[in-house]
Amino acid sequence: MNLLLVEPTIEEYNYEQKLLSDPETMNYNAGYEVTYQGYHYNTGCIDFPEENWEAKKKKREQKNCFFAYLKDLDLNQYVGYVDYNYNVEDQRYECGIVIEACHRGKGYAKKGLELLKEYAFSHGIEALYDGFETNRGHTLSLFQSCGFEIVQKDTWKKFGKNQDGVLVCCKKDKQ
């Protein structure tokens, strides 16, 4: 697999807009009690109108953020994205990965997460964290296969019901 991290130009933000508006891609994100503007409770989709792209790009250019598309060079197309940002409240770098629904199950998530770790650790990040429900077993397996370990168990509300979840972490020195 020939996968590359590509920091998008503002003109390429239409791909992110496409992903965030696709209910099949964003279904993992549905049902949370969050209050940010543009979030769709039933689908997990997030509005990302073009007039917001410039502000988002400026925010991402801050020192504590990274965002990149995953490009399959053999197909010459984007298949998803990875990111990390610094959570001031919890004092940690939190990462994420989204693979477009039509490209899932092809190994992009594992390779993308490995590329994100490599990038973060080579840019002075000492540890990456992510959290998700335990019933997303494929996600837990993915993160564990990439060196993440469960560091905390938690409970979240999803569609008004308690969901068991985990916080995972991968440290630079445990690669």
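Residues numbered from 1 in each chain as written. Predicted model: local features only at pLDDT ≥ 70, side-chain atom pairs only at ≥ 80, totals over all residues. Heavy atoms only, no water.

A. Structural view of the overall build of the protein chain. Secondary structure assignment for the protein chain yields 5 helices and 7 strands. For the protein chain, the succession of helices and strands along the chain, N to C, is β-α-α-α-β-β-β-α-β-α-β-β. Relative to the globule expectation of 16 Å for 175 residues, the C-alpha radius of gyration of the protein chain, 16 Å, shows essentially globular dimensions. Principal axes of the C-alpha set define a box for the protein chain whose edges measure 40 × 40 × 35 Å. Counting over 175 residues, the protein chain shows a buried share of 45%. Taking contacts inside the protein chain between residues at least 6 apart in sequence as the whole, the part at least 24 apart equals 59%. A total of about 9,900 Å² of accessible surface is found on the protein chain, and carbon and sulfur atoms cover 45% of it. The distance from the centre of the 22 positive side-chain charges to the centre of the 28 negative ones in the protein chain is 4 Å. (Helix = DSSP H or I, 4+ residues; strand = E, 2+ residues; numbered from the N terminus. Rg over C-alpha atoms; globule rule 2.2 N^0.38 Å. Buried < 20%, exposed > 50% of the residue type's maximum accessible area, 1.4 Å probe, protein only. Contact = heavy atoms within 4.5 Å. Areas by Shrake-Rupley, 256 points an atom, 1.4 Å probe, with all protein chains shown as cover. Lys, Arg positive; Asp, Glu negative; His and termini not counted. Charge placed at Lys NZ, Arg CZ, Asp CG, Glu CD.)

B. Summary view of unusual backbone geometry. Positive phi outside glycine occurs at Asn 76, with the angle close to 55°. Assignment of secondary structure puts Asn 76 in the loop between strand S2 (65-72) and strand S3 (77-87). Within the chain, Phe 159 stands out as a residue other than glycine whose phi angle is a positive 50°. On the secondary structure map, Phe 159 appears in the loop between strand S6 (149-158) and strand S7 (161-171).

C. Structural view of the packing of aromatic side chains. The final tally for this structure, using the stated rule, is 17 aromatic pairs. Put simply, the rings of Tyr 13, Tyr 15, Phe 48, Trp 53, Phe 67, Tyr 69, Tyr 78 and Tyr 81 touch in pairs and so form one group of aromatic residues. Across the ring face of Phe 67, the terminal group of Arg 60 is positioned such that the distance to the ring centre comes to 3.5 Å. Residue placement shows Arg 92 over the ring face of Tyr 129; its charged tip is 5.4 Å from the ring centre. (Phe/Tyr/Trp six-rings, centres within 6.5 Å; stacked < 30°, edge-to-face > 60°. Lys NZ or Arg CZ within 6 Å of the ring centre and 35° of its normal.)

D. Summary view of the side chain of His 103. Looking at the secondary structure, you find His 103 in the loop between strand S4 (92-99) and helix H4 (108-122). Reaching out from His 103, the side chain makes a polar contact with the side chain of Gln 77 at a distance of 3.1 Å. Beyond its immediate chain neighbours, meaning those up to four positions away, His 103 contacts Gln 77, Tyr 78, Val 79 and Tyr 108. (Polar contact = N/O pair within 3.5 Å; in protein donor to acceptor, adjacent residues only side chain to side chain.)

E. Summary view of the nonpolar core. Core analysis: the biggest nonpolar cluster contains 28 residues, and Tyr 84, Leu 113, Leu 128, Phe 143 and Phe 148 have the highest contact counts within it. When sequence neighbours within four positions are dropped, the list of residues in contact with Tyr 84 reads Asn 64, Cys 65, Phe 66, Tyr 93, Glu 94, Cys 95, Leu 116, Tyr 119, Ala 120, His 123, Ile 125 and Leu 128. Within the second largest apolar cluster, 18 residues are counted, among which are Tyr 39, Trp 53, Tyr 69 and Val 98. (Core = buried A, V, L, I, M, F, W, Y, C linked by side-chain atoms within 4.5 Å.)

F. Spatial organisation of the environment of Leu 116. Mapped onto the fold, Leu 116 is located in helix H4. Classification of Leu 116 as buried rests on a relative accessible area of 0%. Between the alpha carbons of Leu 116 and Leu 128 there is a distance of 9.6 Å; along the sequence they are 12 residues apart. Here Leu 116 is in contact with Leu 5, Phe 66, Val 82, Asp 83, Tyr 84, Cys 95 and Gly 96, once residues within four sequence places are set aside.

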